[in-house]
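# Descriptive analysis of the structure
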Amino acid sequence: MWNDDKKCAVVLSFDFDAESIWIVHGLTTPAFMSRGAYGANVGVPRILGLLEKYDIPATFFVPAETVRRHERVVKEIHAEGHEIAHHGDIHETPTGLVIEAERRILETGMQAIETIVGEPPRGYRSPAWDLSPNSIRLFREFGLLYDSSVMGDDFRPYLLDDGGKEAEIVELPVSWELDDAPHFLFNFIPYMAGLSAPSKVYETWAAEFDGAYECGGVFTLTMHPQIIGRYHRIRMLDRLIEHIAGHDGVWFATCSEVATDWVSGRK
Ligand code: ZN
């Protein structure tokens, strides 16, 4: 059971990359920057409107670069009651970094979010959906509760493995199937076909939710304001939330709420 008496937990998570995802790849021409700005100026307001319509909380993973560039928008997200979590400094891949560089990035992101929220973030999502050999040790060092970057389960959280023993870091697993980017994101270099019909994605996501509901697990979606923010995709997400909310015993929660609840259930 989740949150005392709920059958299934649902996490809507949004990676608010904005311009950072293009900057980190050296793509800084006006077209790429405008795609990032679109996420902040058009995508986020549409998402917030939808979350308000259903009165549900969400988790936004925000790089420090987005906090610096779109402070007002990040403050607004937080003011509406959503969780702000760590997503790197400029959307870096941690896998090849030396420990000092990775520590510096974690520190920068912690401080940037603390400035907005008033307390440090409780969770991290790797921009690369992968970790370095030092990541777990650093998560402990920074007092993080959870990570949401890897794929060792589908509907169940678990503790990250730290060299053969369980670390006290909860993993809320992600998956490419439940990420809007591979389905929808179009780009020339690197080439990504994207541009899927929303009906096709709805079919996959609704069926995965049904699986999470059947086994009493967690359904975790990863979306990006600059991708899901397009009108036809927001309409699809609206339809999906309606489908989910039509089930008895569904708990819409933030990542930190789910991680906390899961840990308390183990004790
Ligand atoms: Zn990202």
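The rules we used
Residues numbered from 1 in each chain as written. Predicted model: local features only at pLDDT ≥ 70, side-chain atom pairs only at ≥ 80, totals over all residues. Heavy atoms only, no water. Helix = DSSP H or I, 4+ residues; strand = E, 2+ residues; numbered from the N terminus. Rg over C-alpha atoms; globule rule 2.2 N^0.38 Å. Buried < 20%, exposed > 50% of the residue type's maximum accessible area, 1.4 Å probe, protein only. Areas by Shrake-Rupley, 256 points an atom, 1.4 Å probe, with all protein chains shown as cover. Donors = N, O, S within 2.8 Å, 3.2 Å for Na, K, Ca; no water. Axes fitted to C-alpha atoms, helices over the stretch in contact; angles between N-to-C directions. Parallel < 35°, antiparallel > 145°, perpendicular 65-115°, else oblique. Contact = heavy atoms within 4.5 Å. Nonpolar A, V, L, I, M, F, W, Y, C, P; charged D, E, K, R; others polar. Core = buried A, V, L, I, M, F, W, Y, C linked by side-chain atoms within 4.5 Å. Salt bridge = Lys/Arg side-chain N within 4 Å of Asp/Glu carboxyl O. Phe/Tyr/Trp six-rings, centres within 6.5 Å; stacked < 30°, edge-to-face > 60°. Lys NZ or Arg CZ within 6 Å of the ring centre and 35° of its normal. Pairing = 2+ DSSP bridges.

## With respect to the overall build of the protein chain
- Within the protein chain one finds 11 helices and nine strands.
- At 17 Å, the protein chain has a C-alpha radius of gyration in line with the 18 Å of a compact globule built from 267 residues.
- Along the first, second and third principal axes, the C-alpha set of the protein chain runs to 45 × 45 × 35 Å.
- The burial tally for the protein chain puts 55% of its 267 residues in the buried class.
- With an accessible surface of roughly 11,800 Å², the protein chain has 52% of that area assigned to carbon and sulfur atoms.

## Let's talk about the coordination of the zinc ion
- At the metal site, the zinc ion is ligated by D17 (OD), D17 (OD), H87 (NE2) and H91 (NE2), and these contacts range over 2.0 to 2.7 Å.
- Mapped onto the polypeptide sequence, the residues donating to the zinc ion form the spacing pattern D-x69-H-x3-H.
- Owing to a relative accessible area of 1%, H87 belongs among the buried residues under this scheme.

## Quick word on the packing of helix α2 (residues 30-54) against helix α4 (residues 71-79)
- It is the contact of α2 with α4, at a shortest axis distance of 11 Å, that shows an interaxial angle of 5°. Classified by the angle between their axes, α2 and α4 sit roughly parallel to one another. Facing A40, V44 and L48 of α2, the residues of α4 in contact are V73, E76 and I77.
- A breakdown of the residues in the contact of α2 with α4 according to their chemical character gives five nonpolar, no polar and one charged.

## A closer look at the nonpolar core
- Judged by nonpolar contacts, the single largest core of 50 residues is most densely connected at L12, F14, F60, W205 and F219.
- For this core, the leading source of residues is helix α8 (residues 198-214), giving seven residues.
- Not counting chain neighbours up to four residues away, the residues in contact with L12 comprise L51, I56, A58, T59, L221, M223, I241 and A253.
- Core analysis: the second largest hydrophobic core is formed by 17 residues, F61, L145, W251 and A253 among them.

## Quick notes on the pattern of salt bridges
- Using the criterion set out here, one finds 12 salt bridges in the structure.
- Here E65 ties to R69 by a salt bridge, and the two come within 2.5 Å at their closest N and O atoms. With E65 and R69 both in helix α3 (residues 64-69) and four residues apart, this pair spans about one turn of that helix.
- A salt bridge links R140 to D162; the shortest N-O distance between them is 2.9 Å. Here D162 lies in strand β6 (residues 158-162) and R140 lies in helix α6 (residues 135-141), a separation of 22 residues in the sequence.
- Under the relative-accessibility criterion, R140 is labelled partly exposed at 40%.
- Using a relative accessible area of 17% as the deciding quantity, one classes D162 as buried.

## Some points on the packing of aromatic side chains
- Inspection of every chain in the model, using the stated rule, returns nine aromatic pairs.
- Look at W129 and W176: their rings are 4.6 Å apart centre to centre, the planes differ by 40°, and that puts the pair in the tilted class. Here W129 is found in the loop between β4 (123-124) and α6, whereas its partner W176 is found in the loop between β7 (165-171) and α7 (180-184), with 47 residues between them in sequence.
- Of the residues examined, W129 reaches a relative accessible area of 8% and is grouped as buried.
- One aromatic cluster is present, formed by F186, F188 and Y191 through successive ring pairs.
- We note K7 situated over the ring of Y213; from NZ or CZ to the ring centre the distance is 5.0 Å.
- Above the plane of the ring of Y231 lies R235, whose end atom (NZ or CZ) is 5.1 Å from the centre.

## What to know about the pairing of strand β8 (residues 218-223)
- A large share of β8 lies buried, amounting to six of its six residues.
- The two faces of β8 match: V218, T220 and T222 on one face and F219, L221 and M223 on the other face are all buried.
- Pairing of strand β1 (residues 8-15) with β8 involves six bridges; the strand directions are parallel. Note that in β8 the partner of S13 across the bridge is T222.

## Some thoughts on the pairing of β1
- Taken across its eight residues, β1 has eight buried, putting it largely inside the fold.
- Taking every second residue as pointing to the same face, both faces of β1 are buried, with C8, V10, L12 and F14 on one and A9, V11, S13 and D15 on the other.
- Two strands pair when backbone bridges link them, and β1 and strand β9 (residues 250-252) are joined in this way by three bridges, in the parallel orientation. Paired with C8 across the bridge in β9 is V250.
- Of the strand pairs in this sheet, β1 and strand β2 (residues 59-62) are connected by three bridges, and their pairing is parallel. Note on β2: the bridge partner recorded for F14 is F60.

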